[in-house]
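Analysis of the macromolecular model
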Amino acid sequence: MVTARAAALLLALTATSLAPRSGDVSERFPHRRHATMFPTCESCHSGIASGDSARMFPPPAICASCHDGTIAKTVQWAGPAVRPTNLEFSHTGHVTAVRRTGDALTCSRCHALADSGAVWMAVRGAQPAACLDCHDHRASEHLGDDNPCRTCHVPLVAARTLPVAAIARFHRPPSHELANFLSAHAPRTTADEMRCATCHARESCERCHVNAEALASVRALGPDPRVASIEASHRPLYPIPADHQPASWASDHGQAAKQNTQSCANCHAQSSCTACHTGPGAAQTISALPRPARGKAQGVIVRNVSAAGSHRNRAGGGPDAPPASPSRAPSGGGAAQLEPASIVTQDTGRLLDRHGTAGLSRDSGQRLAVDSGQVHIVRVHWPGFITSHSTAASSRQMTCSNCHAQRFCTECHNGEGRHDFHPVNFIARHAAEAYNRQLNCVQCHSPEAFCRTCHLNIGLSQRAAHNAAFHTAEPLWLLQHGQAARQSLETCTNCHQERDCLRCHSTIGQGVNPHGPNFNARKMQAANPQMCLECHLTNPLLNPGR
Amino acid sequence: MTRTAVARDIGRRLPPVSQTGPVTAGPPGWSPRPALIGSVCVLVLSGSLQAQGVRISGTTSVDYVEMQPAVEDSVPVSATQDSGLLRRAPNGTIVECLGTDAYCTYYHSAPLVHAVPMRQDLTLSAWGFGTGVSAYADVEVRTAVGSAAPGWPLADQHFDLVAGYGEYDRSGLRVRLGRQWTTSPLGYYAYDGGSVLAAPLQGLNAEVYGGWGLAQALTYPRTTSAISAVEELAPTDPGYIVGATVDYHPGGIAGGSIQYQREIETNFSGLYSERVAGSGDLRLGRTMLDGQVIYDMVTGDVNNAQLRADVPIGRQWNVSAQIRHYVPFFELWTVWGAFSPVGYDEGRLTASWTTGDQRVRIEADGDYRQYGNTDAAVSFLSLRSNGWDVGTDASWRLTPAWTVSGGYHATVGVGASRSDFDAAVRWRVGHRGSLGVTGTAFQTIDEFNVGTGRVWGATANGSLQLFGDLRADADAGVYRHTGLDMPQLANWNQRRASVRLTWVLGRDPGLPRLAW
């Protein structure tokens, strides 16, 4: 026999089953189905306002009074498990606070479903927007800028019940999506730091910041192994600040680095600098940067890039690639050609051991490919610098010693012939360039000890020869060589010694006058009288023609 | 025997002396000075045992170079065709026939010879002897073997003290004593002596230096046998060098330097050179202007005057323009300056373009030069008095590991002209090694010595970082000469190879590991 009570319950169940679903997927208890049974929230949640934790949720016995298998099917109800949360919330405190204001505090004020109107028991978990209705926030949205997150949230490191997965799903505030966020995210105030601490632990910053240990705002965050496990799979990102982007930054950054080294230290370890700064200059500034440590952020990796195959002593030249070993020979071997000086910066992972695995994830065998990171080419010297650096070096426009050891310069200027300065097979090619003298060969090669010695030994010039068999293209070379000599005399000296010319161009020889119309004999004699006597028997100014 | 007496003796001995074998410098021209300086360095460096740190770097290199000498040969006048000064031998070779000789002469390639120059460079830095005190030495030991070895430049100068000095460096003052180098628009000069550099103000440096001068591009005195072996009128006095430099760069916008340098015989009887140089630079926004002037105070010549503008356009273009006036400089122990060389005026334009990610880069350049009036040209036999050069280079970084590049250049000028082409591929093997292949082809047409044909070449190169501070580099190439239309000088069928080991030992005073 169906009792009235049972019929009423059955009707209620039917009604609720036909009623529109609450639509709240997070609802773990079908409140709407029980809307007709409980006139007040305190019917089940009597401990909410008083803070009696034993009465915050109905004990299983109350549920079982209906769900006994006869009135309604039995249910398993043991009360909700403690939800992992990073919220710091007290119902009792809220009730007390609101009552103090004289307002009436109803549960529906925070727990009503949106757009449910006054439908009884259409509830859900409180949403942040409900908090914002009361709490005085400057921002209009939950994740807005300047929100005092501490109002509701405990620092992440204190939210010990939150699983890693939940942390990984934290929403990103809109401010984090701004293009300049990476450059402008540093907390400026204690309130800022507290906001950061809501979602971040120290490892969040250590992923990128080379100087994490030195930053107070990073130290203020606590360590958290959950965050560490999340960050281990993320690659650090280093933005390219606006002041790094002009072409002149490679030469202008010195001053900025001296004035604000700690700003550099956010992204750069000493290794960023020492990729170029091999000389003694800038040592003091560099030493103020952190050293890369195993397991820590390495910062921006700067590499000198060299690539075989392109000319260097032409427009695209550049001297800054690591030197191939110097060779005294004029580049006779199949010399590697080096690309113009490029300094490639790359984002990178944590310090890679020799096997290329990250220090923190060696067990997992995870490999972080350095070359898969962003690559930003920085060129220090302009195209053609290798052949046009004289002014920059001599006027100290650039402080060469910042990046170059002295050896780097003497490899070329001591006539040793770096393999990467001249194009391959320059032994065979150099005639045209020697004649044209776009480069002054004397800067690196002694005309006598280097050029003439080789030419003599290989038979391209002869001692004291006076025939012009070498100059076969010009049948009347004897008449033409004057113009050639005046135009390119230094080339003549690469084969001929002085006596070759004195045979004709001296009073000892044939007496052919070699001087041009503007020759100042007096000035030359005043500088070095002995030179005149090599051609003249006596003082030519006293005895012209002799 | 003075140089004058030598010159007169040469004049009396007019008949040519035929070449009697390879030019050698004879016994190494040891001067006590480098040995003394080396000893100072050794004494200082021996204290490295007590030094805070020592760092030694070195490069060991071995090369293999084939060459084909040219030898003079002759044919009887009766065997030649045509008449006049230049005739043809039966095999088509152009020969020169002086009227009174029974034979006509010409050059042709001799059998292939080879040289294997070997070199060991060592650089040693030691610091921490006291506050600001350090020592630096750079030495080179070399030799050569092979059939061409006796004549290989400087092969018999087995030891070279490239630099060796002690240094005291404090804020605003640096003193060096020993063998060192000075850098200026005048060139890169080495000397044995001392220098004092002061920095009294931010951006202002003033340096004075002096000592015994060394031959330019050599670390030997002018009296070295390396010079006297090929120049009978070589100087007999090493000479002193003195100079001063002032440079001022207060910030990143403008700056400049002035240098005065004088080289004089040790008996003060004559100068070797006396020159002043100035250089300056100015940055106008992103444009860089720089210029340089070198003036020879003895001859009154402006050896070099140049003005260059470098203009980046946007982020992808760069244009550079330069004008330059050049007259060669000769030291006064030679007579060359008295022959009134004229030099040339030159204009040069360079443009480069790169993609936004700089993976592709293309450059083009060109220049034109006009020589001065020589007052020596014969109107109906005048040679060309100008020259030009054009070229282009391109590189493409396909991936971080693969790069291809190539270029073409043509040079037409006084004395010789050339057209050449290069192409290369490089593969980075991880971040420790690389392999590359380069192909070349060029043709050189010498104006004063006609020769046609083409030389084709292929070279392979590789680098490998063996350990943190040890790197090996090697390359090898083969060249083939085609289209020989006459048995000319220098048959360029040759092979080349080299192996180099670069290593570093010692502590790291903030300096990096071997750059890669």
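Everything discussed here concerns the structure shown above.
Keep in mind that what you see is a predicted model, and the values were worked out from it rather than measured.

1. Details of the overall build of chain B
Along the backbone of chain B there are three helices and 26 strands. Counting the 516 residues in chain B, one finds 52% classified as buried. For chain B, restricting intrachain contacts to residue pairs at least 6 apart in sequence, the fraction spanning at least 24 positions comes to 53%.

2. Comments concerning the packing of aromatic side chains
Residues and elements named next belong to chain B. The tally for this structure, following the rule as stated, stands at nine aromatic pairs over all chains. Plain terms: the ring middles of Y326 and Y344 are 5.2 Å apart, the flat faces sit at 45 degrees to each other, and that makes the pair tilted. Residue Y326 is located in strand β17 (residues 317-326), and its partner Y344 is located in strand β18 (residues 344-354); the two are separated by 18 residues in the primary sequence. Each ring, one from W402 and one from W427, has its centre 5.7 Å from the other, and the planes form 15 degrees; the classification is stacked. Highlighted residues: W402 in strand β21 (residues 402-412) and W427 in strand β22 (residues 416-429), separated in sequence by 25 residues. Ring-pair connections join several aromatic residues into one group, and the members of that group are W212, Y240 and F268.

3. A few points about the pairing of strand β20 (residues 386-397) of chain B
Residues and elements named next belong to chain B. Sheet topology places strand β19 (residues 360-371) next to β20; 11 bridges connect them, and they run antiparallel. Its bridge partner being in β20, R361 is matched across the sheet by S395. The sheet contact formed by β20 and β21 spans 10 bridges and is antiparallel. Residue pairing for β21: D389 is matched across the bridge by T411. Here β20 hands over to β21 after four residues, the two strands then running antiparallel side by side.

4. Notes on the state of the cysteines
Residues and elements named next belong to chain A. Inspection of the entire model under this criterion finds one disulfide over all chains. Looking at C196, it has no disulfide partner, and the nearest cysteine sulfur is the one in C205, 7.1 Å off. The class of C196 is partly exposed, set by a relative accessible area of 27%.

5. Examining unusual backbone geometry
Residue and element names in this part refer to chain B. Residues other than glycine seldom take positive phi values, yet S340 does so here, at roughly 60 degrees. Considering the arrangement of structural elements, one finds S340 in the loop between β17 and β18. By relative accessible area, which is 16% here, S340 ends up buried. Non-glycine residue D375 carries a positive phi angle of around 55 degrees. For D375, the position within the fold is in the loop between β19 and β20.

6. Re the environment of B:D310
Residues and elements named next belong to chain B. Among the structural elements, D310 can be located in strand β16 (residues 302-313). Taking the C-alpha atoms as reference points, D310 and S78, separated by 232 residues in sequence, lie 62 Å from one another. Within the structure, the side chain of D310 is placed 3.5 Å from the side chain of R308, a separation counted as a polar contact. Reaching out from D310, the side chain makes a polar contact with the side chain of N318 at a distance of 3.1 Å.

7. Examining the pattern of salt bridges
Residues and elements named next belong to chain B. Applying the stated rule across the entire model yields 33 salt bridges over all chains. In this structure, the salt-bridge partner of R495 is E66, at a minimum N-O distance of 2.6 Å. Of this pair, R495 sits in strand β26 (residues 494-506) while E66 sits in strand β1 (residues 53-67), and the two are 429 residues apart along the sequence. Judged by its relative accessible area of 43%, R495 is partly exposed.

8. Describing the environment of A:V75
Residues and elements named next belong to chain A. Within the secondary structure, V75 sits in the loop between α3 (60-64) and α4 (91-101). Judged by its relative accessible area of 35%, V75 is partly exposed. C-alpha separation for the pair V75 and C110, spaced 35 residues apart in sequence, amounts to 28 Å.

9. Looking at the nonpolar core
Nonpolar side chains tend to gather and get buried jointly when the protein is soluble and globular. Core analysis: the biggest nonpolar cluster contains 18 residues, and A:L489, A:M524, B:L271, B:V298, B:L332 and B:V335 have the highest contact counts within it. Of all the secondary structure elements, the ones that give two or more residues to this core are α23 (498-502) and α24 (521-527) of chain A. With near-sequence residues (within four places) excluded, B:V335 lies in contact with A:E498, A:L502, A:M531, A:E534 and A:C535.

Parameters at a glance
- Residues numbered from 1 in each chain as written.
- Chains lettered and ligands numbered in written order.
- Predicted model: local features only at pLDDT ≥ 70, side-chain atom pairs only at ≥ 80, totals over all residues.
- Heavy atoms only, no water.
- Helix = DSSP H or I, 4+ residues; strand = E, 2+ residues; numbered from the N terminus.
- Buried < 20%, exposed > 50% of the residue type's maximum accessible area, 1.4 Å probe, protein only.
- Contact = heavy atoms within 4.5 Å.
- Phe/Tyr/Trp six-rings, centres within 6.5 Å; stacked < 30°, edge-to-face > 60°.
- Pairing = 2+ DSSP bridges.
- Disulfide = S-S within 2.5 Å.
- Polar contact = N/O pair within 3.5 Å; in protein donor to acceptor, adjacent residues only side chain to side chain.
- Salt bridge = Lys/Arg side-chain N within 4 Å of Asp/Glu carboxyl O.
- Core = buried A, V, L, I, M, F, W, Y, C linked by side-chain atoms within 4.5 Å.

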